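# A structural walkthrough
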Amino acid sequence: MIVHVFDTPAQVARAAAAVFSAQILKKPDSVLGLATGGTPVDTYKELIKLHQDGILDFSQVTTFNLDEYEGLPTSHPESYVAFMKRNLFDHVNIKQSRLPDGLNKDHQKECAAYDEEIRQAGGVDLQLLGIGNNGHIGFNEPSDHFVYDTNLVDLTPSTIKANRRFFDSEDQVPRKALSMGIGTIMEARSILMIALGEGKAEVVQKMVEGDIDPQVPASILRAHKDVTVLLDRAAASKLSL
Ligand code: F6R
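Anyway, here's the lowdown on the structure attached to this text. (Residues numbered from 1 in each chain as written. Predicted model: local features only at pLDDT ≥ 70, side-chain atom pairs only at ≥ 80, totals over all residues. Heavy atoms only, no water.)

## Points about the side chain of serine 219
Our working rule: What counts as a helix is a DSSP run of H or I of at least four residues, what counts as a strand is a run of E of at least two, and both are numbered from the N terminus. Exposure is judged per residue with a 1.4 Å probe applied to protein chains only, and the accessible area is read against the type maximum: over 50% gives exposed, under 20% gives buried, and values in between give partly exposed. Any N or O atom pair separated by 3.5 Å or less is treated as a polar contact, with the protein-specific requirement of one donor-capable and one acceptor-capable atom, and with residues adjacent in sequence counted only for side-chain atom pairs.
Residue placement: serine 219 occurs in the loop between α7 (201-209) and β10 (227-232). A residue is classified by how much of its surface remains accessible, and serine 219, at 0% relative accessible area, is buried. Within polar-contact distance, the side chain of serine 219 engages the backbone oxygen of valine 216 at 2.7 Å.

## Comments concerning the site of the ligand
Stated formally: For each residue, the test is whether any non-hydrogen atom lies within 4 Å of the molecule or strand; if one does, the residue is near. Here the open area of atoms and residues is found with the Shrake-Rupley method and a 1.4 Å probe, where only the protein chains shown may cover a residue.
Lining the immediate surroundings of the ligand are 14 residues, of which Thr39, Asp67, His136, Gly138 and Lys200 lie closest. Within the contact set of the ligand, an oxygen atom lies 2.6 Å away from a side-chain nitrogen or oxygen of histidine 136. Within the backbone of glycine 138, one N or O atom sits 2.7 Å away from an oxygen atom of the ligand. Protein contacts shield 93% of the accessible area of the ligand, which totals 410 Å² for the unbound molecule.

## Thoughts on the packing of aromatic side chains
For clarity, the cut-off: Each pair of aromatic rings taken from Phe, Tyr and Trp, with Trp reduced to its six-membered ring, is defined by centres within 6.5 Å and is described as stacked if the planes are under 30 degrees apart, edge-to-face if over 60, and tilted in the remaining cases.
Inspection of the entire model under this criterion finds five aromatic pairs. Plain terms: the ring middles of tyrosine 69 and tyrosine 80 are 4.7 Å apart, the flat faces sit at 40° to each other, and that makes the pair tilted. Of this pair, tyrosine 69 sits in strand β4 (residues 67-69) while tyrosine 80 sits in helix α3 (residues 80-87), placing them eleven residues apart in sequence. With a relative accessible area of 1%, tyrosine 69 lands in the buried category. Taking 5.9 Å as the distance between ring centres and 75° as the angle between the ring planes, the aromatic pair formed by tyrosine 69 and phenylalanine 167 counts as edge-to-face. In this pair, tyrosine 69 is assigned in strand β4 and phenylalanine 167 in the loop between α5 (157-163) and β8 (176-179), connecting sequence segments 98 residues apart. For the pair shown, tyrosine 69 and phenylalanine 167 are each scored as buried.

## Looking at the sheet that holds β10
Stated formally: DSSP-based pairing: two strands are paired if at least 2 bridges between them are found. Between N-to-C directions, angles cover 0 to 180 degrees, with each direction set by a line fitted to C-alpha atoms, over the stretch in contact for helices. Contacts are residue-level and defined by heavy atoms, with any inter-residue pair within 4.5 Å sufficient.
Taken in spatial order, the seven strands of this open sheet run β1-β10-β9-β6-β2-β3-β5, and their pairing is parallel. The sheet terminates laterally at β1 (2-6) and β5 (96-98), the two strands that pair on one side only. Pairs of neighbouring strands in the sheet enclose a mean axial angle of 15°, with direction left out of account. Docked against the sheet, helix α4 (residues 107-120) engages β3 (62-65) and β5, running at close to 145° with respect to β3.

## Considering the environment of proline 73
Summarising the element assignment, proline 73 is placed in the loop between β4 and α3. Placed 28 residues apart in sequence, proline 73 and aspartate 101 show a C-alpha to C-alpha distance of 10.0 Å. Excluding its chain neighbours within four sequence positions, the residues that come into contact with proline 73 are Ser79 and Leu103.

## Quick notes on the sheet that holds strand β7 (residues 151-154)
What links the strands of a sheet is backbone hydrogen bonding, and the strands pair in either a parallel or an antiparallel sense. Judged by pairing direction, the sheet is antiparallel, and its three strands sit side by side in the order β4-β8-β7 without closing on themselves. The open sheet terminates on both sides in strands that have one partner only, identified here as β4 and β7. The sheet shows a mean angle of 30° between the axes of neighbouring strands, taken without regard to direction. Across three bridges, β4 lies against β8 in antiparallel orientation. Paired with glutamate 68 across the two strands is leucine 178, which belongs to β8.

## Observations concerning the environment of aspartate 149
Along the chain, aspartate 149 falls in the loop between β6 (126-129) and β7. Once the C-alpha coordinates of aspartate 149 and isoleucine 185 are considered, the two residues, 36 residues apart in sequence, prove to be 8.9 Å apart. If we skip the residues at most four places from it in the chain, aspartate 149 touches Asp115, Ser179, Met180, Gly181 and Thr184.

Structure (structure tokens):
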């Protein structure tokens with residue numbers, strides 16, 4: 001695990017966009033794993049700028065997102081489909097993008113199909129991750145074991161509370177989501193994790209310096225051979241590096 005610390009979130013976003021750019025320039029038909037939430041928004045803005053400036057071409061790129069809420073209509077502005085359209089897909093020329101279908105009532109079938117489609121696409125070359133305050137990656141919540149495949153997840157009260165800021169009230173935050181499993185994430189050839197702000201400092205310290213523990217799902221990343229972590233000073237403030 002390589003950890004880089006930058007002075008500002010803006011620098012983190014530019015560094016993350018540089019990693020994505022290198023991947024796409026090296027392999028124009030890359031398969032990218034994408035994330036939602038507050039953390040990657042500025043990275044997506046940088047990627048859009050690079051595309052608009054004629055530097056990055058996504059025309060052969062395929063993307064798979066980490067997760068989607070269960071049962072939230074895709075027309076809802078906080079569905080992850082809507083988020084991705086607004087923050088990236090509507091502004092670049094990605095060939096094909098896929099998110100788990102949170103409206104498919106046959107969750108098991110949908111999750112199995114999702115993992116199979118990732119495999120058929122050749123696997124994820126570069127997976128972008130944020131980290132939850134509780135250490136989740138995707139929506140793999142703290143637990144006594146790691147779940148391997150894409151699955152239907154019960155969101156924990158802390159995640160529901162954290163995502164409350166995107167909805168009018170806590171009642172409106174969906175309670176379940178379809179998420180890539182830990183195994184799906186770990187199969188990516190390389191992983192780029194971004195964490196910003198003081199609120200993430202404690203969990204970042206546990207991820208980087210604590211034991212590998214399913215109670216801190218992100219700690220499993222230390223067992224992956226190609227993980228780059230980009231932090232701003234605030235998120236890095238509890239590291240003893
Ligand atoms: C998003 C996802 C989550 C977020 C995490 C951090 O697709 O899977 O793991 O990355 O909850 O969210 P933010 O960036 O809003 O702090």
